[in-house]
Protein chains: 2
Amino acid sequence: MVVGTIPEWEDKILLCKRAIEPRVGLWTLPAGFMENRETAQEGALRETFEEANARVELTGLYSLFNLPHISQVYLLFRGRLLDLDFSPGEESLEVALFSEDEIPWDQLAFPIVIETLKLYFEDRKKGDFTLCSATIKRDHDSFVGYETTQHE
Amino acid sequence: MVVGTIPEWEDKILLCKRAIEPRVGLWTLPAGFMENRETAQEGALRETFEEANARVELTGLYSLFNLPHISQVYLLFRGRLLDLDFSPGEESLEVALFSEDEIPWDQLAFPIVIETLKLYFEDRKKGDFTLCSATIKRDHDSFVGYETTQHE
C-alpha cells in the first residue's frame, strides 16, 4: 500500500520533482510504500518528510485510489503545512508550492497525481472535501493511456 | 491490507461466526486479505460473498483502522444487502443479522470488530456516517488488552 499527503498552504499545494526513476524530472505528491509496524498516517507523514523535508498536520483521508494492474492501493491524506521550511529530500530534485493555475499539468508524473489534483481542486471550489475513491486502469488503446472509474 | 464490509439490512447488520482459527466460534464482520489485481472494493465484495454468500451494494468507505503491531491496515465499507439470501460460506459456522441490542458484544472475534461496531452504532444514532480512522495498539498491561486512538 502506498500512502502520502496533499500538503496545503493557503491556496497552494506542495509538489516534488522526482530525482529517481520512474519519471525523473516530473512532479508528484509526496507518497511511498508503507513500512512495517507503522500506521497509514505515520507512513504519510514520514514520506512527506523524506521527500520534501516538510512537516504537515493531517486533516483527514482524502482519497482511496486503486491501481489493480500493479496491485496497488493509494491512500492520500490532506495535510496542513506547519511552516515553509521545506526543501528537496534525497528522492526529489526540487520542491515547490503551486496554486491551481500554476500546476504543471503536462509534467505530472503519474495518472493518480493528475486525477487526485483534478478532484482536489474541484472540491476546493465547492468547499467540501469528501473522501473520493477511484480506480485507474491502464488502457493501451486510448490516447491518455488510462481510464478512471469513480466509486461511491 | 484487509478489506471487508458492514452489511446492512434495515436496522440490522450481518455478522459471521468464524469456522476457522483464530477465534473459532466468535463473531466477525466479513473481511479478509486483498488479492492481487483486485480493487479494495472488489476485495470487500468478494470476502462478503465468500464468508456469507451475501451480495451487497457498497455505499462508501466507513473506516480505516491501523493495526501496527501486525502491520495491517483494515478498510471497511458500508454495504446494503441486496436480499436475505445469505448463508455460511466455508469459513463461517453461522451467519445472522443483529440489531444493536442483539450484538453479542462479549463474543466478537477481534478488537477491530468491537471498535468498528461501537463507532457505527454511534454514527447511526447521529444519522451521519463520516469516515472514521483509528489505531488499535496491543497493550498487554491493560485489562482489555488493547488501546484505541482515533484520528482525524
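Parameters at a glance
Sequence order sets the numbering: in each chain, residues are counted from 1 along the sequence as written. Chains carry letters from A onward and ligands carry numbers from 1 onward, assigned in written order. For a predicted model such as this one, the threshold for reporting local features is a pLDDT of at least 70, and the threshold for listing and counting side-chain atom pairs is 80 or more; totals across whole chains, interfaces and linings nevertheless cover every residue. Going along the chain from the N terminus, every DSSP run of H or I of four or more residues is numbered as a helix, and every run of E of two or more is numbered as a strand. Buried means a residue has 20 or more other C-beta atoms within 10 Å of its own C-beta, exposed means 12 or fewer, and partly exposed covers the counts in between; C-beta atoms are placed from the backbone. We call two residues in contact when the distance between their C-beta atoms, placed using the backbone, is within 7 Å. The classification used treats Ala, Val, Leu, Ile, Met, Phe, Trp, Tyr, Cys and Pro as nonpolar, Asp, Glu, Lys and Arg as charged, and all other residues, Gly among them, as polar. In superposing the copies, a least-squares fit is computed on C-alpha atoms, taking residues whose pLDDT is at least 70 in both. DSSP bridges decide pairing: two strands pair if at least two such bridges lie between them. In this usage, the nonpolar core is the set of buried Ala, Val, Leu, Ile, Met, Phe, Trp, Tyr and Cys residues whose C-beta atoms join them within 7 Å.

Engineer: I tried to follow the overall build of chain A on my own but got confused; where do I start?
Structural biologist: Each helix and strand in chain A was counted, giving two helices and nine strands. For chain A, the spread of C-alpha atoms along the three principal axes comes to 45 × 35 × 35 Å. Buried residues in chain A amount to 39% of all 152 residues. Taking as baseline every contact in chain A between residues at least 6 positions apart, the subset at least 24 positions apart corresponds to 64%.

Engineer: Where do I start with the interface of chain A and chain B in this structure?
Structural biologist: Opposite the 21 residues of chain A that make contact, chain B presents 21 residues. Elements represented by at least two residues in the side of chain A that touches chain B include exactly helix H1 (40-52), strand S5 (56-67) and strand S8 (132-138) of chain A. Broken down by element, the side of chain A that touches chain B gets its largest block of residues, six residues, from S5(A). In terms of residue class, the side of chain A that touches chain B is made up of eight nonpolar, ten polar and three charged.

Engineer: Looking at this structure, I do not really get the relation of the copies chain A and chain B. What am I missing?
Structural biologist: Here the second copy of the chain follows from the first by a rotation about an axis and a shift along it. Once chain A is rotated about the relating axis by 180 degrees and shifted along it by 0.0 Å, it coincides with chain B to within an RMSD of 0.0 Å. In symmetry terms, the pair is related by a two-fold rotation axis. An overlap of 100% is found between the interface residues of chain A and their copies at the interface of chain B, pointing to a shared contact surface.

Engineer: Sorry if this is basic, but what is going on with the pairing of S8(A) here?
Structural biologist: In the case of a regular strand, side chains alternate between the two sheet surfaces. Residues and elements named next belong to chain A. The element S8 is largely enclosed, with a buried count of five among its seven residues. Alignment of S5 against S8, held across four bridges, turns out to be parallel. In the sheet register, Leu64 faces S8, and the bridge partner there is Ser133. Two elements, S8 and strand S9 (residues 146-151), share six bridges in a ladder whose sense is antiparallel. Among the inter-strand pairings, Ser133 is bridged to a residue of S9, identified as His151.

Engineer: How should the nonpolar core be read in this particular structure?
Structural biologist: A general tendency of soluble globular proteins is for nonpolar side chains to be buried together. Within the largest apolar cluster, 83 residues are counted, with the highest numbers of intra-cluster contacts made by A:Tyr74 and B:Tyr74. Setting aside anything within four residues of it in sequence, one finds A:Tyr74 in contact with A:Val2, A:Ala31, A:Phe65, A:Leu67 and A:Ile112.

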